[in-house]
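What follows is each chain in one-letter form.
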Amino acid sequence: MKHSYIGEAITRIEDERLLSGKGKYIDDLKLPGMAAMAIFRSPHAHAYINNIDISQALEVKGVLDVFCADHLDALPSIPLRLAPFPGFERYLQKPIAVNKVRYVGEPIAVVVAENRYIAEDALDLLSVEFTALPAITTVDQAISGKNLIHEETGENIATHYTVSRGNSDYAFANAGYTRKERFVTNRHGAVPLETRGLIAEFDPVKPLLRLHGATKVNFFNRRHLSDAFRLKEEEVELIETDVGGGFGARGELYPEEYLVPMASRRVGRPVKWIEDRRENLSAMNHSRDIIVEIEIAATKTGKLLGMRGTVLGDMGAYVRTNGGVVPSKAAQFLPGPYRIEAFSCDVQFLITNKTPVGTYRGPGRFEANFCRERMIDLMAADLDLDPAAVRIENLMTPSELPYRIGELVPGDPDATFDEGDHPGALKRLLEEADYDKWKNRQGEIIDGHAYGLGIACFIESSAAGPPESAVVSVAPNGSIEVKTGASSVGQGTETGLAQICADYLDIDIKRIIVRHGSTTLLPSGGGTFHSRNTVMAGNATRIASETLKQRAIELAALRWNCPTNDLIYINGSVQNTTDVLSLEELAAFAATRHETLSATGTFDNEKKLSYSYGAHAALAAIDLETGVVVIKKYFLTEEIGRALNPALVQGQAVGGVVQGLGGTLLDHMIYDENGQLLTGSFADYLLPTSSNLPEITAITLEESPSKLNPMGFKGAGEGGIVAVAAAVGNAVALALKPYNIAITELPLTPDRLRASLRKTGN
Amino acid sequence: MMETVHKIKLTVNDTLREFTAEARMTLADCLREKLDLTGTHLGCEHGVCGACTVIVDGKSIRSCLMFAVQANGSTVTTVEGLAENGILSPLQEAFRDNYALQCGFCTPGMLTTADAFLKENPSPSRSEVESAISGNICRCTGYISIVDAILDAATRLAEKGDK
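Note that the structure is predicted; figures quoted are calculated from it, not measured.

Conventions adopted
- Residues numbered from 1 in each chain as written.
- Chains lettered and ligands numbered in written order.
- Predicted model: local features only at pLDDT ≥ 70, side-chain atom pairs only at ≥ 80, totals over all residues.
- Helix = DSSP H or I, 4+ residues; strand = E, 2+ residues; numbered from the N terminus.
- Rg over C-alpha atoms; globule rule 2.2 N^0.38 Å.
- Buried ≥ 20, exposed ≤ 12 C-beta atoms within 10 Å, placed from the backbone.
- Contact = placed C-beta atoms within 7 Å.
- Pairing = 2+ DSSP bridges.
- Axes fitted to C-alpha atoms, helices over the stretch in contact; angles between N-to-C directions.
- Domains from an automatic or database assignment.
- Nonpolar A, V, L, I, M, F, W, Y, C, P; charged D, E, K, R; others polar.
- Left-handed = near helix turned anticlockwise from the far one by under 90°.
- Core = buried A, V, L, I, M, F, W, Y, C linked by C-beta atoms within 7 Å.
- Parallel < 35°, antiparallel > 145°, perpendicular 65-115°, else oblique.
- Expected span 1.5 Å × (residues − 1).

### Looking at the overall build of chain B
Move 1: Looking only at helices and strands, chain B has 5 helices and 5 strands in total.
Move 2: Ordering the α and β elements of chain B from the N terminus gives β-β-α-β-β-β-α-α-α-α.
Move 3: Here the C-alpha atoms of chain B give a radius of gyration of 16 Å, agreeing with the 15 Å that 2.2 N^0.38 yields for 163 residues.
Move 4: Referenced to the eigenvectors of the C-alpha coordinate spread, the extents of chain B come out at roughly 50 × 35 × 25 Å.
Move 5: Within chain B, the proportion of its 163 residues that are buried is 58%.
Move 6: Long-range pairs, those at least 24 residues apart, make up 59% of the contacts in chain B with a sequence separation of at least 6.

Now the structure itself:
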C-alpha cells in the first residue's frame, strides 16, 4: 500500500474554506424570495396566556404573517428520541405554547416579515396578557407538588426508578467505613458559538419540505417531521450546512424545527430563522443540573464495598428529545471504573419552570464523575490514605475485564465494560503530573495562592445508536466521493473519513470529497452523537471502500475478459501481470455500461459499546484573598483504542478540558425565585476565554484497541471533558484542606469560595 | 420605524463599495447582507464573543457594535480579504498547520483580531497573544492551538519579511 493516512496528523481538508470565509453556515444561505422569522417568547416562567393581540404587529409594513397556537391545527408533540421512560409522554412539548407558558423563552407567537429588522420591530407590537403563576425553580418545590406545572398529570415528577446490582444493604451493614454527601452540579449548557438557525422551503403542491441547517440526527428528525406535516419521508429533505459547534445540543427536534416549516407553508416563501444569543441561552437545551446524594461503604483500609444514592434531575419544563439521558447516565456512571459490587440508585426526573434539559458533551458522566471522585478523595482523607493508592486498589484490573455492569438504565441491554488497563492509565497520569512530588505539597502556599493537585478517573461509553452507512463512488474524472449519514458539527469528520477512504482505496487523499448528513445523500443514516462518528461512519466508510475495490476488480475482469482472481487491487488501480486500469478508467468503463463505480457500506455495532477510559489531573492555585481558582497545569490520559488523526484527537481532548473548566468554574444558568433567567447574555453567562489558560498535557493511549470494530476505534470526543469537575474539585479541596471547606457544589466561583473561607474564619 | 436611509461608501478588501443602508443597520449586517461577505460571523450581537471582528482603518473592531453609517469612508478588511490571490496568508496557514480551528465559526474573528494585532506587535510573547484574543470566544479548541498558531504566524511573517 502506497498511501497511509490512518494514524497520521494530517491537516484538515475543511480548513481552507473555513479560513478564507467561504464556509457556508446556515445564516450564510440566501434563497430567492426568502422571508425572515422572529419568535415572541415567554417573559414569564409560569403563567396562563389570557389573550394574544397580533393586530398591531400585522399592520407593520413588511410583515407577512403573525401566528400563534390559535391559528394552527392540531399541534404535534416533540417526540422522545433517547431514554424514553414511561411517564415522560405526559410532559412532551408542543412547538408553540397552548394556553400556558412554563419557562422563560417558550415560543408564544411567530412573526414572518421581509427581513429580520422588521420582524423584530413587529415582535415589540405583540401584546400578550398573562396571569402569572408561582414558579417552581427547585427540585424540592417540584417534589412537594404544591404547585403543578402540568396540572393534568397531578405531579411534577415525570418519572422515577431504582436500579441496582449486588446487595447494598449487606455491603453497608458490614462496612467499616461509610460516608454520605450531597453534590450539586450547576445547570449549564453547550452554548455553541453559532446560534441555531433554519431555513424552510415548504412547497405544498409538490409536496416538498426542505429544511436547511439540519444536523446531528437528520434521518430520525426527517421521520418525525414527515409525520408531523403528514408527508411521506421522501417528501422531506433535511440539508446539512457547515455547523458552528454542536456539543450535543444542536440538531435535536426543537419547537423551531416545526415553526419554521409552518411559517414557510403559511407565507408560501422560503423562511429563515436565526436565533439571537439571548434566545439561544433560554431556548436551546440546558444540561447538567443534577443533585446527587451519594453514600459509600468501604473497609477501614479503603476497599470499596458498596455505593448507594439518589439522583435528582431537574428536567426543566418539558421532556424533550433526549428524554432521561442526563439523570439516567449520571446514575449509570456513578460507580465508574471501580470494583463496586453493590450499587443501588434511585433516580428522579423533576419538572420545573426552567428551560428543558438535554444532552451536553459527556451527559451524566461529568456529573457522576464529580460526585464519585470527590467521594473517593473524602474517603481517602478520612482514612488517611493516599488518593492515588486508593484508586489503584479499587480500579478494575485487566483480568477483571470485560465486566458486566448490570442493567443500570431501565430498558437498556446489560452493559459491559470492555477490555483495558485502568490502573495503567492512572499510573501514566501520575507520572506525567509528577504526582509523587505534589502529594506531599498539597495545600502549600506560594505567593498567596494555595496549591493542590487533584486526580480523577473516568470511563466513558461511545458509539451507541443505530447503524451508520456510507457510499463511496468514483467519478469518471477520478474524483472520489464519500457520502455518509453521519453529520459534521465541526469536529473534522470530513478529514477523518477521507483518511480512511484514501487508505483503503490506496489513493491520494486530495481526490476525496466527503459529503455528510443530508437526507438527500443516501437512504439512511444514524447521525452524530455519543462520540460515534469515527467508530460508526469510519467503519462504514471502510466497508464501502473495501466493497468498492471488489467492484473495481469485477469491472476490470469484464473489461479484460479474464477471471477476477487473476487481478489485484493496488495503488488506486486494478492490475494484472502487464496492464493497469485506474479507478477513473474503471469509472468511465462503468459509465459506458450505464453503471456507476460505487459501493455502500453499513456498520452496525449491534448495541455493543466501546468504552474509552483514563484519568485527569489538575494543578490548581487558589488566590486566598479573592477566591479565584486558576488551573496552572492540566493532565489527562485517555485510552481510545486507536487514533485516526492524533492532532484532531488532541484537539478534542484539549478543547474538552477547557470546556469542562468552564462548566467547573464559570458556566452557570442562574434563575431567580421567579424563574427569570439572570444569565441571558455573554456579559452574565461566563465562558472560558484565553485568559489564564493552563498548560495542558493530553496523552492519547492506544494500548487497548476495541475488539468491537476491526479498526480498533473507541470514541474520543468526550474524554477531555468528563472528569474536569472531578479533578478540579479534588485539587481545590486538597489546596484548601487546612480551611476545611466542603467542595460539593459547582461552579467553584470566587464568591462561593470566599464565602466559605470567611465562614471558617479566613 | 427608522427609515432614514444613508448612502455609504466603504473600501472593503481593496474594492470600493457603495450602497445604501438604514441608519440602524450594523456594519456586520451590511457586510453580510448588502455586500454578501458572509465570512464575518455573528455570535452574540452584543460585542462579547468577537466572531464579527473586522479591521476598520487598521484597527480590529466589533462589526456588530458599529453602525454601517459610522464606518462611512473607512477602509475595511474582512476575513475574505486576508488571502492574497487565493493563497492563504501566513497567518491563515499557521491556523491550518496548528489545527487552530474546529467548527470554524470563531475563526474569521480570530484571524482578523490576530492580523491587526500582529501588525501592531510583530513579535509578541505568549501572554501578549493570550491577552490579544481574550475577547474572542472559541467553544471548540480550548484556545491553546490558536495561541500556538498566532505565535507561529509571527515567526513566519518575520521570516517572510527577512527574505
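### With respect to the sheet that holds strand β24 (residues 573-575) of chain A
Residues and elements named next belong to chain A.
Move 1: Strand order in the open sheet made by the 3 strands is β23-β24-β25, with antiparallel pairing throughout. Each edge of the open sheet carries a strand with a single partner, namely β23 (568-570) and β25 (580-582). Along the sheet, successive strands turn relative to each other by an average axial angle of 30°, direction set aside.
Move 2: The pairing of β23 with β24 spans 3 bridges and is classified as antiparallel. By the bridge assignment, Tyr-569 is partnered in β24 with Val-574.

### With respect to the pairing of strand β27 (residues 610-623) of chain A
For a regular strand, side-chain orientation follows a simple rule: the groups alternate between the two sheet faces.
Residue and element names in this part refer to chain A.
Move 1: For β27, the buried fraction is high: 13 of the 14 residues fall into the buried class.
Move 2: Bridge count for strand β19 (residues 449-462) against β27 is 14 bridges, and the pairing is antiparallel. Directly across from Leu-453, in β27, lies its bridge partner Leu-619.
Move 3: Two elements, β27 and strand β28 (residues 629-639), share 10 bridges in a ladder whose sense is antiparallel.

### Structural notes on the environment of Ile-513 of chain A
Residue and element names in this part refer to chain A.
Move 1: Considering the arrangement of structural elements, one finds Ile-513 in strand β22 (residues 512-516).
Move 2: Along the sequence, Ile-513 and Ser-479 sit 34 residues apart, while their C-alpha atoms lie 7.6 Å from each other.
Move 3: Setting aside residues no more than four positions away along its own chain, Ile-513 makes contact with Ser-479 and Glu-481.

### Quick look at the domain arrangement of chain A
Residues and elements named next belong to chain A.
Move 1: Here chain A is partitioned into domain 1 (15-22 + 465-603), domain 2 (31-133 + 195-243 + 250-283) and domain 3 (287-464 + 607-759).
Move 2: Between the C-alpha centres of domain 1 and domain 2 there is a distance of 38 Å.
Move 3: Between domain 1 and domain 2, the residue contacts involve 15 residues of the former and 14 residues of the latter.
Move 4: Taken together, the residues of the side of domain 1 that touches domain 2 break down into 2 nonpolar, 13 polar and no charged.

### Some words on the domain arrangement of chain B
Residues and elements named next belong to chain B.
Move 1: Its domain assignment divides chain B into domain 1 (5-81) and domain 2 (90-162).
Move 2: A C-alpha centroid distance of 21 Å is found between domain 1 and domain 2.
Move 3: Counting from both sides, the interface comprises 16 residues of domain 1 and, opposite them, 12 residues of domain 2.
Move 4: Elements with a contribution of two residues or more to the side of domain 1 that touches domain 2: β3 (53-56) and β4 (59-62).
Move 5: Per-element accounting of the side of domain 1 that touches domain 2 gives the leading share, 3 residues, to β3.
Move 6: Looking at side-chain class alone, the side of domain 1 that touches domain 2 contains 6 nonpolar, 9 polar and 1 charged residues.

### Let's talk about the packing of helix α10 (residues 365-382) of chain A against helix α18 (residues 724-735) of chain A
Residues and elements named next belong to chain A.
Move 1: It is at 8 Å that the axes of α10 and α18 come closest, and there the two elements cross at 30°. Taken as a pair, α10 and α18 cross one another with a handedness that is right-handed. Seen from α10, the contacting residues are Phe-366, Asn-369, Phe-370, Glu-373, Arg-374 and Asp-377; seen from α18, they are Ala-725, Ala-726, Gly-729, Asn-730 and Ala-733.
Move 2: For the contact of α10 with α18, a count of residues per class yields 5 nonpolar, 3 polar and 3 charged.

### Brief notes about the sheet that holds strand β14 (residues 304-316) of chain A
Within a sheet, neighbouring strands are paired by backbone hydrogen bonds and run either parallel or antiparallel to one another.
Residues and elements named next belong to chain A.
Move 1: Pairing is mixed across the open sheet formed by 5 strands, whose spatial order is β7-β15-β14-β13-β8. Across the chains shown, the open sheet's two edge strands, defined by having one partner strand only, are β7 (157-165) and β8 (177-188). On average, each strand axis in the sheet is tilted by 10° relative to the strand beside it, whichever way the strands run.

### Considerations on the nonpolar core
Residues and elements named next belong to chain A.
Move 1: Within the largest apolar cluster, 289 residues are counted, with the highest numbers of intra-cluster contacts made by Met-37, Val-111, Cys-501, Ala-620, Val-728 and Val-732.
Move 2: For this core, the leading source of residues is helix α15 (residues 533-560), giving 11 residues.
Move 3: Val-191, Phe-247, Ala-283 and Tyr-360 belong to the second largest nonpolar core, which has 7 residues in total.

### Describing the packing of α15 of chain A against helix α16 (residues 583-592) of chain A
Residue and element names in this part refer to chain A.
Move 1: Close contact between α15 and α16 brings their axes to 10 Å; oriented N to C, the two are set at 70°. On the basis of their axis angle, the class for α15 and α16 is roughly perpendicular. Here α15 runs over α16; the crossing is left-handed. Contact residues: α15 offers Ala-552, Leu-555, Ala-556 and Arg-559, while α16 offers Leu-583, Leu-586, Phe-589 and Ala-590.

### A few points about helix α14 (residues 493-505) of chain A
The α-helix winds at 3.6 residues per turn, so residues separated by three or four positions along the chain end up facing the same way.
All names here are of chain A.
Move 1: Taking 1.5 Å per residue, 13 residues should reach 18 Å; α14 reaches 18 Å between its end C-alpha atoms and fits that length.
Move 2: Of all 13 residues in α14, 13 are buried, a share of seventy percent or more.
Move 3: Looking one or two places after α14, you find Asp-506, whose phi comes out positive at around 60°.

### Side note on the environment of Ala-45 of chain A
All names here are of chain A.
Move 1: Tracing the backbone through its elements, the reader meets Ala-45 in the loop between β1 (35-41) and β2 (47-53).
Move 2: A sequence separation of 591 residues divides Ala-45 from Leu-636, and the C-alpha atoms of the two residues are 41 Å apart.
Move 3: Beyond its immediate stretch of four places on either side in the chain, Ala-45 contacts Tyr-103, Val-104, Ala-135, Asn-353, Asn-674, Gly-675 and Gln-676.

### Looking at helix α3 (residues 116-124) of chain A
Move 1: All of the buried residues along α3 of chain A are Arg-116, Tyr-117, Ile-118, Ala-119, Asp-121 and Ala-122 of chain A.
Move 2: Considering only its buried residues, α3 of chain A is in contact with β1, α2 (55-59), β3 (63-68) and β5 (107-113) of chain A.

### Some thoughts on the interface of chain B and chain A
Move 1: Counting residues at the interface gives 40 residues for chain B, matched by 44 residues for chain A.
Move 2: Secondary structure elements with two or more residues in the side of chain B that touches chain A: α2 (90-97), α3 (107-120) and α5 (144-162) of chain B.
Move 3: A per-element tally of the side of chain B that touches chain A places α2 of chain B first, with 4 residues.
Move 4: Residue composition of the side of chain B that touches chain A, grouped by class: 21 nonpolar, 13 polar and 6 charged.

### Considering the pairing of β3 of chain B
All names here are of chain B.
Move 1: Here β3 shows a buried face lined by Thr-53 and Ile-55 and a second buried face lined by Val-54 and Val-56.
Move 2: Across 4 bridges, the pairing between β3 and β4 is antiparallel. Note on β4: the bridge partner recorded for Val-56 is Lys-59.
Move 3: From the end of β3 to the start of β4, which pair antiparallel, there are 2 residues, and Asp-57 there has a positive phi angle of about 50°.
Move 4: Pairing of β3 with strand β5 (residues 75-77) involves 2 bridges; the strand directions are antiparallel. Residue Ile-55 lies in a different strand from β5, and its bridge partner there is Thr-77.

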